[in-house]
Amino acid sequence: MPPPAELQTGIQADEKRLRQILLNLLSNAIKFTEKGQVIFKIETLTKSASQRIRFQIEDTGIGIPSEKLEEIFLPFHQIGEQRVYEQGTGLGLAISRQLVNLMGRELQVKSIVGQGSVFWFEIDLIKVDIPLPTHLGLSKTETTPKPLKIPPKKELEALLEAAQLQTLTSIRACAKKIKALDTQFIPFISKIEQYLEKYQFEKLIEFIEFYLKGQSH
Ligand code: ADP
């Protein structure tokens, strides 16, 4: 099926984690559905510098009783027929929920026993390409390159100081302030967030210094 026209051909995402979440939800949907269908939907919700996308996996499978809807997200919790859940570890949903949380969102579910389940989450993905210094080992996207909008020197200096002190709260506070200045800085801040997620402080410092050098005011 061709992708919806409004979707970008290139997005910037944590590919490994996104893949892990989607594979887990899709394989559960297939595993717990004997007849009917599994539908994977991707929908664009907003269009701006970042793009909010909803990923949704629907099935017409066995469903989950409402009183178990929280339990299934706990590690090693499996419900239903042993024959079916023996194929799994009971960890998939616990991990997926945590990964979605790390992206700042919630993994949601609705289900009706005997009719099926819907799992979905929304995340903000950056749709502009960012020309990055290649030595920082950042992945390339396939969109047309656009120059990265760099925050003012004063803000970069504050960000650098916080990064050097490795204080997550101050780095996040600076990032938030920069985002509030202008939405065009969102792609820049999203790179900062990627380094933070992996606690790559050295690369973060190198990244900020790289752009600080290029700032004349
Ligand atoms: P597992 O390895 O058992 O699939 P998960 O953490 O992915 O572990 O899922 C936990 C439990 O949640 C499953 O064992 C199953 O009982 C229930 N579950 C998950 N997805 C579905 C679904 N699409 N339909 C029905 N039940 C599901």
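For clarity, every value in this text was computed on a predicted model and none was experimentally measured.

> Pulling in residues and values, what's your account of the environment of Ala158?
Within the fold, Ala158 resides in helix α4 (residues 153–165). With relative accessibility at 31%, the residue Ala158 sits in the partly exposed group. Sequence spacing of Ala158 and Cys174 is 16 residues, and the spatial spacing of their C-alpha atoms is 6.9 Å.

> I'd like a description of the pattern of salt bridges, backed by residues and values.
Within the structure shown, the criterion is met by 11 salt bridges. For Arg54, the salt bridge identified is with Glu122, shortest N-O distance 3.0 Å. One end of the pair, Arg54, is in strand β2 (residues 50–59); the other, Glu122, is in strand β4 (residues 116–126), and 68 residues separate them in sequence. A relative accessible area of 22% places Arg54 in the partly exposed class. With its nearest N and O atoms 3.0 Å apart, the salt bridge here joins Asp124 to Arg105.

> I'd like to hear about the site of the ligand, residue by residue, with values.
For the ligand, the set of nearby residues contains 22 residues, the closest of which are Asn28, Asp59, Gln78, Thr89 and Leu93. With respect to the ligand, the side chain of Asn28 contributes an N or O atom lying 2.8 Å from an oxygen atom. Gly92 places a polar main-chain atom, nitrogen or oxygen, 3.3 Å from an oxygen atom of the ligand. Contact with the protein chains removes 98% of the 530 Å² of surface that the ligand exposes when unbound. Going through the elements one at a time, α1 (15–31), α3 (92–102) and β4 are the ones with two or more residues in the shell around the ligand.

> Talk me through the environment of Leu160; I want residue IDs and the actual numbers.
Take Leu160: it is sitting in helix α4. Sequence-wise, Leu160 and Ile171 are 11 residues apart; in three dimensions their C-alpha atoms are separated by 8.3 Å. Aside from chain neighbours lying at most four places away, what touches Leu160 is Ile205, Ile208, Glu209 and Leu212.

> Mind laying out the confidence of the model for the protein chain, listing which residues take part and the relevant values?
For the protein chain, the average pLDDT comes to 83, and 77% of its residues sit at 70 or higher. Across the protein chain, strand β3 (residues 108–112) holds the top mean pLDDT of 97, while helix α2 (residues 82–85) sits lowest at 57.

> Summarise the nonpolar core; cite the residues concerned and give the values.
The biggest cluster of nonpolar side chains holds 23 residues, and the ones touching the most others in it are Leu159, Ile171, Phe188, Ile192, Leu204, Phe207 and Ile208. Breaking this core down by element, the ones donating at least two residues are α4, α5 (168–181), α6 (186–197) and α7 (201–213). Looking at this core, the element that brings in the most residues is α7, giving 7 residues. Every residue in contact with Phe188, bar those within four places of it in the chain, is listed here: Leu148, Lys149, Ile150, Pro151, Leu156, Leu159, Phe207 and Tyr211.

About the criteria used
- Numbering of residues starts from 1 in each chain and follows the order in which that chain's sequence is written.
- Given that the model is predicted, a residue must reach a pLDDT of at least 70 before its local features are reported, and side-chain atom pairs must reach 80 or more before they are shown or counted; all residues, however, enter totals for whole chains, interfaces and linings.
- Excluding hydrogens and water, the side-chain values take into account all heavy atoms of the structure.
- Helical segments are the DSSP runs of H or I of at least four residues, strand segments are the runs of E of at least two, and each set is numbered from the N terminus.
- For each residue, the accessible area found with a 1.4 Å probe, counting protein chains only, is set against the maximum for its type, and the residue is called buried under 20%, exposed over 50%, and partly exposed in between.
- Salt bridges are counted wherever a side-chain nitrogen of Lys or Arg sits within 4 Å of a carboxyl oxygen of Asp or Glu.
- Being near a molecule or strand, for a residue, means having at least one of its heavy atoms within 4 Å of it.
- Identification of polar contacts relies on pairs of N or O atoms within 3.5 Å, with a donor-acceptor requirement for protein atoms, meaning one able to donate a hydrogen and the other able to accept it, and with residues adjacent in sequence counted only if both atoms are side-chain atoms.
- Using a 1.4 Å probe, accessible areas were evaluated by the Shrake-Rupley method; residue-level cover was limited to the displayed protein chains.
- Here a residue-residue contact requires only that any non-hydrogen atoms of the pair lie within 4.5 Å.
- A residue's pLDDT is the confidence the predictor assigns to it, expressed on a 0 to 100 scale.
- Definition of nonpolar core: a set of buried residues of the types Ala, Val, Leu, Ile, Met, Phe, Trp, Tyr and Cys, connected through side-chain atoms within 4.5 Å.

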